[in-house]
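Listed here are the chains, written in short residue letters.
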Amino acid sequence: QIIQHTALVQKAADFARISLESAEGGHDWQHIRRVVVNANNIATTEPCNKEIVLLGALLHDIADSKFHGGDETIGPETARGFLIAEGALEDLTEAVVNIVAHISYKGGQVSSFYSPELAIVRDADRLDAIGAIGIARAFNYGGFKNRKLFDPEIPPVEYPTKEAYKSSTAPTINHFYEKLLKLKDLMHTDTGRRLAEDRHQYMLGFLEQFFQEVGFEGFSEV
Ligand code: ADP
Ligand code: NI
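Please read these numbers as outputs of a predicted model, since none were measured by experiment.

Now for the pattern of salt bridges. Summed over the entire model, instances satisfying the criterion amount to 10 salt bridges. Residues Asp185 and Lys184 are paired through a salt bridge, measuring 3.2 Å at the closest nitrogen-oxygen approach. With its nearest N and O atoms 2.8 Å apart, the salt bridge here joins Arg193 to Asp190. Of this pair, Arg193 and Asp190 both sit in helix H10 (residues 190-214), 3 residues apart, which is roughly one turn of the helix.

Rendered as C-alpha cells:
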C-alpha cells in the first residue's frame, strides 16, 4: 500500500471493498481503487485535507442511487452510518458525507456545496470515466443496459436535450458526445485538467479509428 493513511481510511477501504463485491463492473471496488489513486495523486498538488479526500473517494459510490431505485439519499446515509459507527468526529463525518451527497450532482443542477476535497474527488472520479478505462467502462455499462455499440442510423452527436437522451436507448457511442468528451473542460483542478487532456486525446483517436473501421464517415470531435 503506497498511499499513507489512517486507521479510519483503512476501515473505509475494507467497508467499500466488501460492500461493492458484487457491484456492476464499472462501479466496483476496482473503480474505487482507481479513484483513490487519482485522488491521492491530485491531492499532492492541491491544498486539502488528505483524510477527507481519501474517505470521500472510498465512500463516493458506496450505494449508487442508480442501483437503488433512484434514491439519492442512500449513498450519503450509508457513508454517515459507517463513519458514526467508527466514531469519526462530527466535522470529519460531515465533510465526507457532503462529498458523497454532492459528487454526482448531474450537469445543469447547481450544487449547493463546495470544498477543495469535493473538487479533488470529483476530478478523480471523472478521470476514471475517460481515456482507455473510460472507454471500457462505457461499453461495459452499455452492455449491462443491453445497448447497441453504434447504429449508423443514429447520428453520433449530442441529443437535443438531456431528457431526450435519458429516455432514449442510445447506442454507447453516443455517450461520448453526451458526456465523455465534455469532461476535460469540467475539471476543477490543474492536475486533473492535465491528466484529462491526455485521456481526452486517446478517446478522440479511438473514435476516429472506430468510425473508420465501421465505415462511418461523419466523425467529428464534438
Ligand atoms: P460515477 O458513478 O462513477 O460518477 P456514472 O454513474 O455516471 O459515474 O457512470 C459510471 C460509468 O458508466 C462511467 O464510466 C460512465 O461513462 C458510464 N455510463 C453512464 N451512463 C452511461 C451510458 N448511458 N452509456 C454508456 N456508459 C455510461
Ligand atoms: Ni464513481
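From this point, things continue past the structure.
Entries for the chain in the domain assignment read domain 1 (1-106) and domain 2 (129-222). Put simply, the middle of domain 1 and the middle of domain 2, counted by C-alpha atoms, are 26 Å apart. In this assembly, 13 residues from domain 1 lie in contact with 11 residues from domain 2. Roughly 960 Å² is buried in total at the junction of domain 1 and domain 2, and carbon and sulfur atoms are behind 57% of that figure.

Turning next to the packing of helix H4 (residues 74-85) against helix H5 (residues 90-102). A pair of packed helices is characterised by two quantities: the angle between their axes and the separation of those axes. Taken N-terminus to C-terminus, the directions of H4 and H5 make an angle of 160 degrees; their axes are 8 Å apart at the nearest point. Accordingly, the angle class assigned to the pair H4 and H5 is roughly antiparallel. Two packed elements cross with a definite hand, and for H4 against H5 that hand is right-handed. Taken together, the residues of H5 that come into contact with H4 (itself represented by Gly75, Pro76, Ala79, Arg80, Leu83 and Ile84) are Thr93, Glu94, Val96, Val97, Val100 and Ala101.

The subject of this paragraph is unusual backbone geometry. Note on backbone geometry: most residues besides glycine have negative phi, and most peptide bonds are trans. A positive phi angle, close to 60 degrees, is found at Asn146, a residue other than glycine. You can see Asn146 is positioned in the loop between helix H7 (131-144) and helix H8 (162-166). Assessed through its relative accessible area of 70%, Asn146 is described here as exposed.

The rules we used
Every chain's residues receive numbers from 1 upward, in the order its sequence appears when written. Lettering for chains starts from A, numbering for ligands starts from 1, and both go in the order in which the items are written. Totals for whole chains, interfaces and linings use all residues, but because this is a predicted model, local features are given only for residues with pLDDT of at least 70 and pairs of side-chain atoms are given and counted only at 80 or more. Side-chain descriptors were evaluated using all non-hydrogen atoms of the structure, hydrogens and water having been removed beforehand. Salt bridge, as used here, is a side-chain nitrogen of Lys or Arg placed within 4 Å of a carboxyl oxygen of Asp or Glu. In this description a helix means any DSSP run of H or I spanning at least four residues, a strand means any run of E spanning at least two, and both kinds are numbered starting from the N terminus. Those domain boundaries reflect an automatic or database domain assignment. The contact criterion used is simple: two residues touch if any of their non-hydrogen atoms lie within 4.5 Å. The quantity reported as buried area is the accessible area (1.4 Å probe) lost by two parts once they are put together, taken as the sum for both. Angles run from 0 to 180 degrees between N-to-C directions of axes, and those axes are lines fitted to C-alpha atoms, restricted for helices to the stretch in contact. Small angles under 35 degrees read as roughly parallel and large ones over 145 as roughly antiparallel, with 65 to 115 read as roughly perpendicular and the rest as oblique. Definitions for this section: a left-handed crossing has its near helix turned counterclockwise from the far helix by less than a right angle. A right-handed crossing has that turn clockwise. Each residue's exposure class comes from its accessible area (1.4 Å probe, protein chains only) as a fraction of the maximum for that residue type: buried when under 20%, exposed when over 50%, partly exposed otherwise.

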